[in-house]
Amino acid sequence: MSNTIGKKTTFWELVKNKIKIPTLQRDYIYGSGTEKTETVLSNMLRTFKNALVNDTEETLDFVYGSKSKAREFMPLDGQQRLTTLFLLHYYAGLKNKELQDDGFTALGHFSYATRNCTIAFCNNLLIKKHDELRSVIFSAKNGDKHPIRDYLMDLDEFRNSFYTDPSVMSMITVLDRIHQNFNDIDGLWQKLTSDNCPINFYLLDFGVFDLSDDLYNKMNSRGKPLTEFEVFKAKIHKRIAMHDKSLANRIAIKLDTDWMQFIWGILNHTNNLKEVDPAYMCFFKNLFRTLDYVSGYTPHRFDSLNDDCIEANMGSKMKINAVEHIFDTFTNLHNCIPDELNEDYSRIMTEAISSDIKYTNMLYLYAFYIGLALSSRKPEYIPLTKHEFYLRFRHVRNLINNSSDFIREDNMPRLLDDIRHVMCDRLLKMNPLILNRNSWNEEQEKELHRDVWQKLFIYEDTYELNGTIQAFAYGLSPDNRLNLGNPDFVAGLTARLKKAVHFFKSTDNMQEYERRSILLAIGDYAMCSSGKSSYRYFGIIKSSWQNFTGFHRFNEKNRIMETFDKIDVKCNLSRYLYDTSDTNTENWRYYAIKYAKEITVAYRSSNYGYIYFPGVDDLNLFGNNTGYLDAVVLQSSYYSPTNVAWKMIHRILEQKLSDKYSFYLNNHGGSEFILSKIGNDAKLDMSHDGWHVIGISPDILKSIGLDVTAIQGNDASESGESEDTSKCDSLVRHHIGHDYVDEGIRIFELLDKEFGLLKKQ
C-alpha cells in the first residue's frame, strides 16, 4: 500500500491490504445500546443506505493511521467507522450468493488485536461460517429482529469469553441492525466494491510505527483517549516484551481470555460488561499490594497502577512468572476450593475486585492461593486434598479471628508468613511470628487430635465463639488448657459447649441487652478486666464476646463458665428475660437484669459493656444475695471523675423520666440529678443507704410525705435564724426489698406535686 496522505479511498480498496485494530484501541461500541451510540449508529446506517440507494457520494472525513513493521495498516482514528464498514461489506457478501470464498478471505484481512477473543470471533464465526450465516439471513422471516445473534449464540463454538468482549457483542448487534436496514437492497456487494462506491473517506497514513509513546500522543491528540485498562494492558505487554516476546504474547492472550473469564465469573457473568475492566484492574492492584507485603515492604509502595508500579511488579522474569502463576492458579483451580469454603471464597473475591481489600481478607486470599497451588503439585508430591485444604484453612480462620489486635499493615509481612506456614502444614513445627500465641497453641492441640477436633466443629462455628474453645477449658483441666487427648476432659468440655451454644442459638434473634438480662438472671458472670481488678464486665455482645474467649483480656473466667454450667439445654431461656426472682433489690444484678435496655442506652458504642464497682476489693460482696450496689456504667474501659460515666440507677431513672420531668444529669463521674426548676442548689443523689435530697428544706420534704433523716445542714428553724437550704442533705432511706428506681420515681412525683415545676408541658 502506497503512502496515500489525504487521498480518497474506500473500505474495499483499503482491505485489500491488511487492517488491524491495534491493542491500544478501545472496543467497538456502536452496538453497545447507549443513547449516544444508538443515535450515532442509526444516523450512520441511514446515511449509508441513502448513499447506496440514491448513488450519492458520502465522504466520512479522515481515517488516520500508520503501518506496523508487519506492513499492516493500524488505525489511530476511524476504528468505529471502519468496523461498521467491515460489517456492512460482510453482510453484503452474505447477500451475494455468487460471492466465493476468496471474497470473504479478503474481508478477513480486517482484524482486531485488542482482545484475542475478538480475533477468534471474526475469524472463526464470521469468515469461516459465512455459508451458514448466508442461509440464516435468506431464511429469516420479516419479523425476526435478531436472526444473526440467535444463530451465533446457539453455536457450540460460541465461547463464554465472547459474552465478556464488548466488541464481539457490539458487532453482533450491528450485524442484525444492518440486516434490518439493508436486506431489501439488491446488488449491495457490487455497489460497495465497485470503483464508484459512493461511500468513501480520506486516508492519512502517518508511516511506520512501533508500540511506543508516540502512539499514545497520536491517539490522544485526536480526542480518542484510551480506557485506563487498555493503557494498562499495553504497558504490561510492552514491559514483558522487553524480557521475552513470546511470554508477553502468551500473557496477552490470557489477559483477554482465561483471566478475563475468571474475573467475569466473580462478577456472576454480569450483563453489564463495563464492570469487568474496573474489576480486573482492582484485582491487579490488590495482587500487587499483597506481593509488596510478601516481599517485606511496609507500607505497600503503590496506590495506583502507574508506570512505577508496573516496573516494580513486572521488572524481572521471576516477578512476571509469579503474577502469571497466581492468575493461572485462581483461574484454573478454583474448583479445588472445598465446598465448605465456597461462600468465604466468593465473599473475599468479590471484595478483591471491588475495593482495596482489607488486611484480614488479604490473609484469607493468600491462604486460598497457597491451598490451590498445593492442590496441583507435581506428581512427585502429594496434592492437597479438599478435606486437608479445609482443615488447614480452618486453622487459618481461627487464628485470624483471634488475632485482630495484631492485624495491621506493619505486621503484614510476618502475618502472611504465618498463614503460609499453616497452609503448608507447619503448624506443629514452629511458633507464630506475630499471630496470637494463645490461639496458635490452641490450634496445635486441635491439630494433634484431629478426630476429636472435627467433632467440635459444630460448637467452634458458633458466631460468638468464632473458632476458639480454649476458654471453655476453665476448671476442667489443671492448667485450664485444652486437653483433647483426655476423654473425660472432652466429655466435660462438650457438655459445657452444648450449654453455651444453646444460649447463643436460642437468643440469636434477641437484642443484646436481652441476652445480658437472661445470662445475668442465670448467674453472676461479671469478670474483672485484666490488670484492673476493680472493674467488672457484664457485656455479652457479639463483637466483644472474644474478649472473654479468644483475646484473654479478662480474669476470673471461671465466673462465665460457671454461669454456662447452670444452663438447662431443655429450657426455653426466654423465661429468664428480666427475671429478678433469684436476685434481691440490694444487688446490682437486679437492676442490670430488670433494666437491661435502659442501661444499654448508656453505651456510646455497642462494643462497650463495662461496669465499675468503686471499692470492690475492700467490700468483696459478690454473692447472689449480697453485693455492691453503687455500680457505675462506663463508656470506655477506664474510670475517672472526668470520664463519661453514670451511676447505674441514675441512668436507669433518667431514661424512665426524661420525657416526663425537667432535670439535668451530668454524664461525668456519676454526678447527681440537678433539679434547677426547684432551686439553684436542689439535687437528688442515690447511694446504697437510699436517696439523698440536697438543697431542699427537710421540713418541706416531710410535709409532702417523705420520711427523711437529716444527714447534713443547720438547725436554723430552732435557733430562729434564716435557714440555708444549700447545706441541707436529707436521706430518704431505702426499704429492704424495694426497688431503688421505684423509690426514685416516687420522690420525683412528690416533688413535682409540691413545686409544680418539674413536669414537662
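About the cut-offs
Residues numbered from 1 in each chain as written. Predicted model: local features only at pLDDT ≥ 70, side-chain atom pairs only at ≥ 80, totals over all residues. Heavy atoms only, no water. Helix = DSSP H or I, 4+ residues; strand = E, 2+ residues; numbered from the N terminus. Buried < 20%, exposed > 50% of the residue type's maximum accessible area, 1.4 Å probe, protein only. Contact = heavy atoms within 4.5 Å. Areas by Shrake-Rupley, 256 points an atom, 1.4 Å probe, with all protein chains shown as cover. Core = buried A, V, L, I, M, F, W, Y, C linked by side-chain atoms within 4.5 Å. Expected span 1.5 Å × (residues − 1). Pairing = 2+ DSSP bridges. Lys, Arg positive; Asp, Glu negative; His and termini not counted. Salt bridge = Lys/Arg side-chain N within 4 Å of Asp/Glu carboxyl O. Axes fitted to C-alpha atoms, helices over the stretch in contact; angles between N-to-C directions. Parallel < 35°, antiparallel > 145°, perpendicular 65-115°, else oblique. Nonpolar A, V, L, I, M, F, W, Y, C, P; charged D, E, K, R; others polar. Phe/Tyr/Trp six-rings, centres within 6.5 Å; stacked < 30°, edge-to-face > 60°. Lys NZ or Arg CZ within 6 Å of the ring centre and 35° of its normal. pLDDT = per-residue confidence, 0-100.

### A closer look at the overall build of the protein chain
Next up, step 1: The helix and strand inventory of the protein chain stands at 34 helices and 17 strands.
Next up, step 2: In the protein chain, which comprises 761 residues, the proportion classed as buried is 55%.
Next up, step 3: Pairs at least 24 apart in sequence give 69% of the contacts found in the protein chain among residues at least 6 apart.
Next up, step 4: For the protein chain, the exposed area adds up to about 33,800 Å²; of that, 46% sits on carbon and sulfur atoms.

### Things to note about the nonpolar core
Next up, step 1: Within the largest apolar cluster, 79 residues are counted, with the highest numbers of intra-cluster contacts made by Phe284, Phe288 and Phe330.
Next up, step 2: When residues of this core are assigned to their parent elements, the largest contribution, 12 residues, is made by helix H19 (residues 359-374).
Next up, step 3: Ignoring anything within four residues of it in the chain, the contact list for Phe288 reads Phe232, Leu305, Cys309, Asn313, Met314 and Val323.
Next up, step 4: One finds Ala521, Ile567, Cys571 and Val732 within the second-largest nonpolar core, a separate group that totals 77 residues.

### Digging into helix H17 (residues 317-333)
Next up, step 1: For H17, built from 17 residues, the straight-helix expectation of 24 Å at 1.5 Å per residue is met to within 8% by its first-to-last C-alpha distance of 23 Å.
Next up, step 2: Every buried residue of H17 is listed here: Ile320, Val323, Glu324, Ile326, Phe327, Asp328, Thr329, Phe330, Thr331 and Leu333.

### So, the pairing of strand S4 (residues 73-77)
Remember that side chains alternate between the two faces of the sheet whenever the strand is regular.
Next up, step 1: The buried count for S4 comes to 5 of 5 residues, which makes it a mostly enclosed element.
Next up, step 2: Across 4 bridges, the pairing between strand S3 (residues 58-67) and S4 is antiparallel. Bridging across to S4, Lys67 finds its partner in Phe73.

### Comments concerning the sheet that holds strand S16 (residues 708-712)
Next up, step 1: Reading across from one edge, S12-S13-S14-S15-S17-S16 is the order of the 6 strands in this open sheet, with antiparallel pairing throughout. Looking at which strands have only one partner, the edges of the open sheet turn out to be strand S12 (664-665) and S16.
Next up, step 2: Relative to strand S14 (residues 683-687), strand S13 (residues 673-674) is paired through 2 bridges, and the arrangement is antiparallel. Residue pairing across strands places Ile674 opposite Lys683, the latter belonging to S14.

### As for the environment of Leu476
Next up, step 1: Tracing the sequence through the fold places Leu476 in the loop between helix H24 (457-460) and helix H25 (487-506).
Next up, step 2: When the C-alpha positions of Leu476 and Leu493 are compared, they lie 7.3 Å apart, and in sequence the two are 17 residues distant.
Next up, step 3: Residues in contact with Leu476, not counting those within four places in the same chain, are Phe489, Gly492, Leu493 and Arg496.

### Examining the environment of Asn116
Next up, step 1: Position of Asn116 relative to the elements: it lies in helix H5 (residues 116-127).
Next up, step 2: A relative accessible area of 24% means that Asn116 is categorised as partly exposed.
Next up, step 3: Those residues in contact with Asn116, other than ones at most four positions away along the chain, are Ala252, Ile253, Asp256 and Thr257.

### Describing the side chain of Glu445
Next up, step 1: Along the polypeptide, Glu445 turns up in helix H22 (residues 437-448).
Next up, step 2: No salt bridge forms around the buried Glu445; measuring N to O, its nearest opposite-charge neighbour Arg481 is 7.6 Å away.
Next up, step 3: Every residue in contact with Glu445, bar those within four places of it in the chain, is listed here: Leu482, Asn483, Leu484 and Gly485.

### What to know about the pattern of salt bridges
Note on pairing: side chains with opposite charge can pair once their charged atoms come close.
Next up, step 1: Scanning all chains against the criterion turns up 39 salt bridges.
Next up, step 2: A salt bridge links Glu57 to Lys8; its shortest N-O distance comes to 2.8 Å. In this pair, Glu57 sits in the loop between helix H2 (35-54) and S3 while Lys8 sits in strand S1 (residues 7-9), placing the two residues 49 residues apart along the sequence.
Next up, step 3: The class of Glu57 is exposed, set by a relative accessible area of 51%.

### So, the packing of helix H14 (residues 258-266) against helix H15 (residues 276-294)
Helices that pack against each other are described as a pair by the angle of their axes relative to one another and the distance between those axes.
Next up, step 1: In contact at an axis separation of 10 Å, H14 and H15 are set at 100° when each is read in the N-to-C sense. Taken as axis vectors, H14 and H15 run roughly perpendicular relative to one another. Within the contact between the two elements, H14 uses Trp259, Met260, Phe262, Ile263 and Trp264 and H15 uses Val276, Asp277, Ala279, Tyr280 and Phe283.
Next up, step 2: Across the contact of H14 with H15, the residue classes tally to 9 nonpolar, no polar and 1 charged.

### Comments concerning the packing of helix H13 (residues 245-256) against H14
Next up, step 1: Put simply, H13 and H14 touch, their axes get as near as 3 Å, and they point 30° apart. Here H14 runs roughly parallel to H13, going by the angle between their axes. On the side of H13, the interface is formed by Ile251, Lys254, Leu255 and Asp256, while H14 contributes Asp258, Trp259 and Met260.
Next up, step 2: Of the residues in the contact of H13 with H14, the class split is 4 nonpolar, no polar and 3 charged.

### Structural notes on the packing of aromatic side chains
Next up, step 1: Scanning the entire structure with this criterion turns up 42 aromatic pairs.
Next up, step 2: Between the aromatic rings of Trp259 and Phe327, the centroid separation amounts to 4.5 Å while the plane-to-plane angle is 20°, which identifies the pairing as stacked. Separated by 68 residues along the polypeptide, Trp259 in helix H14 and Phe327 in helix H17 bring together distant segments of the chain. Phe327 carries the same exposure label as Trp259, and that label is buried.
Next up, step 3: Taking the centre distance of 5.8 Å and the plane angle of 85° together, the rings of Phe673 and Phe748 count as edge-to-face. Of the two residues, Phe673 sits in strand S13 while Phe748 sits in helix H34 (residues 740-755), which places them 75 residues apart along the sequence. Each member of the pair, Phe673 together with Phe748, is buried.
Next up, step 4: The rings of Phe229, Phe232, Trp259, Phe262, Tyr280, Phe283, Phe284, Phe288, Phe327, Phe330 and Tyr369 are connected pair by pair, giving a single aromatic cluster.
Next up, step 5: Over the aromatic face of Tyr297 sits the side chain of Arg301, whose NZ or CZ is 3.8 Å from the ring centroid.
Next up, step 6: The ring of Phe457 has Arg394 sitting right over it, with the charged end atom 3.6 Å from the ring centre.

### Concerning helix H20 (residues 386-401)
Next up, step 1: An ideal rise of 1.5 Å per residue puts 22 Å on 16 residues; H20 measures up with 22 Å between its terminal C-alpha atoms.
Next up, step 2: Counting buried positions along H20 gives 14 out of 16 residues, so the element sits mostly inside the fold.

### Thoughts on the side chain of Glu443
Next up, step 1: With respect to the element layout, Glu443 can be found in helix H22.
Next up, step 2: Among the residues examined, Glu443 registers a relative accessible area of 0% and is labelled buried.

### Quick look at the confidence of the model for the protein chain
Next up, step 1: Of the residues in the protein chain, 87% have a pLDDT of 70 or more, and the chain-wide mean is 86.
Next up, step 2: Between the elements of the protein chain, mean pLDDT differs from a low of 45, seen in helix H11 (residues 213-221), to a high of 98, seen in helix H21 (residues 412-423).
Next up, step 3: When the criterion is pLDDT under 50, residues 618-625 qualifies, and its contacts beyond four places in sequence or with other chains add up to 19 contacts.
Next up, step 4: Within the model, the stretch residues 716-720 combines pLDDT values under 50 with 4 contacts to residues more than four positions away or in other chains.

### Considering unusual backbone geometry
Next up, step 1: Cis geometry marks the peptide bond from Thr298 to Pro299; its omega dihedral reads 0°.
Next up, step 2: Positive phi, close to 60°, is recorded for Tyr578, a residue that is not glycine.
Next up, step 3: The exposure class assigned to Tyr578 is partly exposed, which follows from its relative accessible area of 34%.

### Side note on the environment of Ile353
Next up, step 1: As for its position among the elements, Ile353 is in the loop between helix H18 (342-352) and H19.
Next up, step 2: Among the residues examined, Ile353 registers a relative accessible area of 7% and is labelled buried.
Next up, step 3: A C-alpha to C-alpha distance of 7.9 Å links Ile353 and Ile263, two positions 90 residues apart in sequence.
Next up, step 4: Beyond its immediate sequence surroundings of up to four residues, Ile353 is in contact with Ile263, Ile266, Leu267, Pro278, Ala279, Cys282 and Phe283.

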